[in-house]
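Observations on chain architecture
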2 protein chains.
Amino acid sequence: MIRVFIVDDHPVVIEGIHSLLQNEKDIAWVGQAKNAQSCLGFFVNNTADVVLMDISMPGMDGVELCGIMKEKYPGIMILGLSTFNQGLYIKKIIENGASGYILKNSSKEELIKAIHEVHAGYIYFSGEAGMALQEYQKSLGRELPVLTAREKEVLALIAEGYTNPQIAEKIFLSPFTVDSHRKNLLAKLGVKNTASLIRLAVERKMI
Amino acid sequence: MIRVFIVDDHPVVIEGIHSLLQNEKDIAWVGQAKNAQSCLGFFVNNTADVVLMDISMPGMDGVELCGIMKEKYPGIMILGLSTFNQGLYIKKIIENGASGYILKNSSKEELIKAIHEVHAGYIYFSGEAGMALQEYQKSLGRELPVLTAREKEVLALIAEGYTNPQIAEKIFLSPFTVDSHRKNLLAKLGVKNTASLIRLAVERKMI
DNA sequence: TTACTAATCACCCGAAACAGTGATTCATTA
DNA sequence: TAATGAATCACTGTTTCGGGTGATTAGTAA
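Our subject in this report is the structure included herewith. (Residues numbered from 1 in each chain as written. Chains lettered and ligands numbered in written order. Predicted model: local features only at pLDDT ≥ 70, side-chain atom pairs only at ≥ 80, totals over all residues. Heavy atoms only, no water.)

1. Digging into the overall build of chain A
Worth spelling out the cut-off: The secondary structure listing takes helices from DSSP runs of H or I that are at least 4 residues long and strands from runs of E that are at least 2 residues long, numbered from the N terminus. Partly exposed residues are those whose accessible area sits between 20% and 50% of the maximum for their type, while under 20% is buried and over 50% is exposed, using a 1.4 Å probe and protein chains only. Only heavy atoms enter the contact rule, under which two residues are in contact if any of them lie within 4.5 Å. Here the Shrake-Rupley method, with its probe set to 1.4 Å, supplies the accessible areas, and only the displayed protein chains count as covering residues.
Looking only at helices and strands, chain A has 10 helices and six strands in total. The buried share of chain A, reckoned over its 207 residues, is 50%. Contacts in chain A between residues far apart in sequence, at least 24 positions, make up 64% of those at least 6 positions apart. Within the structure as shown, chain A displays about 9700 Å² of accessible surface, and the carbon and sulfur contribution to it stands at 54%.

Below, the structure is given as structure tokens:
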């Protein structure tokens, strides 16, 4: 019997998954919690084999809770649970010791398979999540195109929070030119807006 | 006599500073370079007491060159030189061993004072640059306001490169609501646009 | 009970960003 | 010499962002 515990701030999700699992012969439902504190409270006097954990919850989120749980109870396997899939979150929860990650709208079959795999000590990722992770890691691994001196200069100023006209004034260029450099930055680095650009630049220590 | 060397890709700047310094009795002009390679080449067979170094140059920039110079010749004092002033650059060049930082449009008096201070082993920052650095360090030191669960969620999705309408669709909210959260993020964190927001978030490891 | 905050939604408006296209100059390189 | 790429500037749209303002609901804390 695999003892399963769930922590999620949405009762609907808890109920939904509970009903999906209730007829499974080798799965035992040992309890549920609506937040991180209740979850930690439960494990003071109880245990489980697999914990399904929502990654985004009010207060302490699943990523943080995962780290604490794995530190206290390394034997308990944790399966991340989320409504949407983000390479970043996936990466973070793995770094915090989770054994897998599935979407809340997964099929019953996939959910059960994931629980079994994780319980057996394997890592399990639902198709979509696995792809998102691969994309993310690929993006981290690829080497970056060479930026010209001007592009680096403009990039730094964008990161400082200046707008195109402000940058133009600062380095004595036409706003059109600054805009050109900015577009070249987006194109060269393969990102689609300022947010992605700055995130990449900071993460890769380009600024 | 303080032996001064300058590296800057703009001949105009080299000439300008040269002429400002040529009548100073205790300052000797030992040479100049237009790029990092030439500078390193010069110091193979020569030396100087103070190097004025442009922080943004094509190819290897001043920040990097500064690190190499200080590693090879720790006794040579380096004074960063730039057309505009950025807390980030200032911080980086100090981390790489520079002893000071002034703007290219500084007065003759300030330039000479800076050279003397740096040569004597003191750190020197022109007024503007010093203030920019203080602002920067203050911004790093302050503790961050607490973000709500929704705000963190929206922040993460902005960092992934999604627009407000896309985020709204993804987490089942009105675009207006997402926009509200976004504005609250800017206000809470005291930044003025997405670029600053994402930079802060990544640097402070909020995502 | 009242006050506060989180979370939600709504609209207006101007500024900024982004997409697309195209052009010139200059220096380097094949 | 021809081609390439960096750097510059320009115009036209459309979309997104950001400032301001305000409102409702629900839950929590004083």
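2. Observations regarding the packing of aromatic side chains
Put simply, the rule is: Each Phe, Tyr or Trp ring, with Trp reduced to its six-membered ring, pairs with another whose centre is within 6.5 Å; inter-plane angles below 30 degrees give stacked pairs, above 60 give edge-to-face pairs, and intermediate values give tilted ones. Each ring is checked for a lysine NZ or an arginine CZ that lies within 6 Å of its centre and within 35 degrees of its normal; such an atom marks a charge sitting over the ring.
Enumeration according to the criterion identifies eight aromatic pairs over all chains in this entry. Aromatic ring contacts, followed pair by pair, group Phe5, Phe42, Phe43 and Tyr73 of chain A into a single cluster. Across the ring face of tyrosine 162 of chain B, the terminal group of lysine 192 of chain A is positioned such that the distance to the ring centre comes to 5.5 Å.

3. Some words on the sheet that holds strand 3 (residues 50-54) of chain B
Residue and element names in this part refer to chain B. The line we're drawing: Criterion used throughout: strands pair if DSSP finds at least two bridges between them. Structural elements are reduced to axes, namely lines fitted to C-alpha atoms, with helices fitted over the stretch in contact, and the angle between N-to-C directions of any two is expressed from 0 to 180 degrees.
Spatially, 2-1-3-4-5-6 is the arrangement adopted by the six strands of the open sheet, whose pairing is parallel. Edge positions in the sheet fall to strand 2 (27-33) and strand 6 (124-125), since each of these pairs with one other strand and no more. Pairing analysis gives four bridges linking strand 4 (residues 77-82) to strand 5 (residues 100-103), with the strands arranged parallel. Bridging across to strand 5, leucine 81 finds its partner in isoleucine 102. Strands strand 1 (2-7), strand 2, strand 3 and strand 4 of the sheet are contacted by helix 1 (residues 11-21), whose axis makes an angle of about 170° with strand 2.

4. Points about the protein's contact with DNA strand D
Put simply, the rule is: Throughout, the term near means that a residue has one or more heavy atoms lying within 4 Å of the molecule or strand in question. Identification of polar contacts relies on pairs of N or O atoms within 3.5 Å, with a donor-acceptor requirement for protein atoms, meaning one able to donate a hydrogen and the other able to accept it, and with residues adjacent in sequence counted only if both atoms are side-chain atoms.
Taken together, 18 residues form the shell around DNA strand D, and within it Thr148, Thr177, Ser180 and His181 of chain A together with Thr194 of chain B come nearest. Among the atoms of DNA strand D lying within 4 Å of the protein, the sugar-phosphate backbone contributes 62%. Interatomic distance of 2.6 Å between a side-chain N/O atom of threonine 177 of chain A and a phosphate oxygen of DNA strand D. Serine 180 of chain A places a polar side-chain atom, nitrogen or oxygen, 2.7 Å from a base nitrogen of DNA strand D. For the surface near DNA strand D, the secondary-structure elements that each account for two or more residues are helix 7 (149-159) and helix 9 (175-189) of chain A together with helix 9 (175-189) of chain B.

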